[in-house]
Amino acid sequence: MKYLPYIFLIFILGILVLVSVIPDKNQGSSDRYQQYLIVNYPWKSHENTINIILESHGLLVEEGAFSFLLIAASNNSDFIKNAYMNGAFLVLDPVVKGSCYRQSKNKMVRDNHV
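Residues numbered from 1 in each chain as written. Predicted model: local features only at pLDDT ≥ 70, side-chain atom pairs only at ≥ 80, totals over all residues. Heavy atoms only, no water.

### Comments concerning the confidence of the model for the protein
Then comes step 1: On average, residues of the protein carry a pLDDT of 76, and 68% of them reach 70 or more.
Then comes step 2: Segment residues 99-104 is flagged for pLDDT under 50; beyond a separation of four residues in sequence, or across chains, it makes 11 contacts in the model. (pLDDT = per-residue confidence, 0-100. Contact = heavy atoms within 4.5 Å.)

### Observations concerning the sheet that holds strand S4 (residues 90-92)
Then comes step 1: Strand order across the open sheet formed by four strands is S2-S3-S1-S4, with antiparallel pairing between neighbours. Looking along the sheet, the strands with just one partner apiece sit at the ends: strand S2 (59-63) and S4. Averaged over all adjacent pairs, the angle separating strand axes in this sheet is 35°, with direction ignored.
Then comes step 2: Across six bridges, the pairing between strand S1 (residues 34-39) and strand S3 (residues 69-74) is antiparallel. Bridge assignment links Leu37 to a residue of S3, and that residue is Ile71. (Pairing = 2+ DSSP bridges. Helix = DSSP H or I, 4+ residues; strand = E, 2+ residues; numbered from the N terminus. Axes fitted to C-alpha atoms, helices over the stretch in contact; angles between N-to-C directions.)

Following this line, the structure appears as structure tokens:
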């Protein structure tokens, strides 16, 4: 009973952190690309992570130091659902990886108004 308030506080903080990193499911629109952080299982190949993005009708925006973390862009409103169906472990807001949005170095994405 002594630690119950601390457990409750940790639980509430965990929920707040989780809610803040989940992308808005209503973000996608046909005229604007939204960015997502795709997290694949660490034991899966880099190609598998890229295939998740492509099969979910997205574009690769940026690669990181780890092959299972990629930033993707899509204007498909079902991108999040499709990414999970294609094997993504998590689909998050890219602010988690970079602490701020970055302009894409990918010319294809940049020219499509990301």
